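Structural description and commentary
The lines below spell out each chain.
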Amino acid sequence: MPRWSRILLIAAALAAIGFLSVETRRLAELAGTFEVAARTAVRERAVAAGERDDARATSARLSAELRAANGRLQAMSDLVEQRAEARRSDAAEAEAAAARSLQPMPDGVRACLRALHGCLRAEGFTAQRFLSARALDDQGLHEVELLDLQGDGLGVSFVRAGRMAASLDRATGRFELRFFDGERTVAGERTALPDDGWPLVFAPVDGHRLEEQLPFLVQATGAYPESAPSAASDDVDPLTRRRWLERFDHLLAEVAVPERWQVTRFRGMRDGCFLDAELVGTDDRNHVVAMSFCHRLAVEIDAEAGVVSLLLRDGNLRRAGVDSNITAEGYRILLPKLTARQASDTMFGMVVTR
């Protein structure tokens, strides 16, 4: 083979090798570009998938929040409707009550309340006043309204009850009025009456008088003691009782003691004593801090010692939430700054000496 032919073949081979190198480099670069593009696409698909998952989670969360908000809105709507219905019901009841209050009390009910007031006043209980009632049957009085003056004479409670029953224990002379289905308001605070009723107790009383005056209301049980007469001969009339209570007020008005005592009631008088008496003790803010009931109360003077006392026998004393029995030997409440002469003059000589 001629020399020039070999040179041509070698040149052609070198050219081919160069071309193949360039082409290989180009293909490698193209493959790298494709690989980068593929990886980028994979990453973009992964990001897109994550964003789709986030979007689905966000959508689910928003849907749950929307359902919860709709539930709360429905609950609020139901509550508003319930309260509106309750207000409409209360308004209807108030309107019906107002309409009933404008109606006059039945004559029989009015006569019952008048007799009940008279019996309580005759027993010395003057703190209770019935305002109205609407019906009377074998279960008692219905739709009753009562004002009850507190022991210190400064506060009052208002009782509204659907029913009031009256019971008498003949053996003990205990008369009880029990109020059901209502509320009691004291110092602006309303309290629902207990399920078993709120009792108002009067003792001792002349049961014969109550049964005679209120046969249609009083449910009496037990038997009268054989030794008890139908009416005690030592009872006093309401006017006399009121005058003696005024004398007690005057006697105790200037006494400097931790509790300011007031005799609020008594039944009768015998041997210089006041029988079945109730006393209330108040502090300097006119709050009731002590109460007492005793079967015999007297103003006792010790002329030699210059001491005047209230003498309580046979009863109980309640002070600071603690109940104490008072025996026949007696419990004395000292009345400082009072002389025996002042006490005797104020009480018209109705005193006992020690």
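Structure: see above.
Residues numbered from 1 in each chain as written. Predicted model: local features only at pLDDT ≥ 70, side-chain atom pairs only at ≥ 80, totals over all residues. Heavy atoms only, no water.

**Observations regarding the nonpolar core**
Selection criterion: Throughout, nonpolar core names a set of buried Ala, Val, Leu, Ile, Met, Phe, Trp, Tyr and Cys residues whose side chains join them through atoms within 4.5 Å. Exposure classes here rest on a 1.4 Å probe applied to the protein chains alone. A residue is buried below 20% of its type maximum, exposed above 50%, and partly exposed in between. Put simply, DSSP H or I for four residues or longer makes a helix, DSSP E for two residues or longer makes a strand, and each gets a number counted from the N terminus.
If you look at the biggest cluster of nonpolar residues, it comprises 32 residues, and the most contacted ones within it are Phe274, Leu297, Val299, Leu310 and Met347. Among the elements of the structure, helix 4 (238–252), strand 9 (260–265), strand 11 (273–282), strand 12 (288–302), strand 13 (307–319) and helix 5 (340–346) are those that each provide at least two residues to this core. One finds Cys119, Leu141, Val159 and Leu177 within the second-largest nonpolar core, a separate group that totals 31 residues.

**Remarks on helix 4**
Keep this limit in mind: To estimate how far a helix should reach, multiply one less than its number of residues by 1.5 Å. In this description, the arc belongs to the directions extending from the helix axis to the C-beta atoms. We define a polar contact as two N or O atoms separated by no more than 3.5 Å, with the added condition that, inside protein, one atom must be a possible hydrogen donor and the other a possible acceptor, whereas residues neighbouring each other in sequence contribute only through side-chain atom pairs.
Compared with an ideal rise of 1.5 Å per residue, which puts 15 residues at 21 Å, helix 4 spans 21 Å between its outermost C-alpha atoms and is within 8% of the ideal. Those residues of helix 4 not exposed but buried are Arg241, Trp244, Leu245, Arg247, Phe248, Leu251 and Leu252. Looking down the long axis of helix 4, one finds its buried residues gathered within 155 degrees of arc, a one-sided arrangement. With a side-chain oxygen positioned 3.1 Å from the backbone nitrogen of Leu239, the residue opening helix 4 is Asp237.

**Description of the packing of aromatic side chains**
Basically, it comes down to this: Aromatic pairing here means that ring centres of Phe, Tyr or Trp (its six-membered ring) are within 6.5 Å. Orientation follows from the plane angle: under 30 degrees is stacked, over 60 is edge-to-face, and everything else is tilted. Lysine NZ or arginine CZ positioned within 6 Å of the ring centre and within 35 degrees of the ring normal marks a charge as sitting over the ring.
One pass over the full model with this rule turns up 6 aromatic pairs. Seen from their ring centres, Trp244 and Phe274 are 5.5 Å apart, and the 65 degrees between their planes marks the pair as edge-to-face. Highlighted residues: Trp244 in helix 4 and Phe274 in strand 11, separated in sequence by 30 residues. Judged on exposure class, the residue Trp244 and its partner Phe274 are both buried. When the ring of Phe248 is compared with that of Phe274, the centres are 4.8 Å apart and the planes differ by 65 degrees; the resulting orientation is edge-to-face. In this pair, Phe248 is assigned in helix 4 and Phe274 in strand 11, connecting sequence segments 26 residues apart. Among the residues examined, Phe248 registers a relative accessible area of 0% and is labelled buried. On the basis of relative accessible area, Phe274 is assigned to the buried category, the value being 0%. The ring of Phe180 has Arg163 sitting right over it, with the charged end atom 4.4 Å from the ring centre. Here the basic side chain of Arg247 rests over the ring of Trp244, its NZ or CZ set 4.4 Å away from the ring centre.

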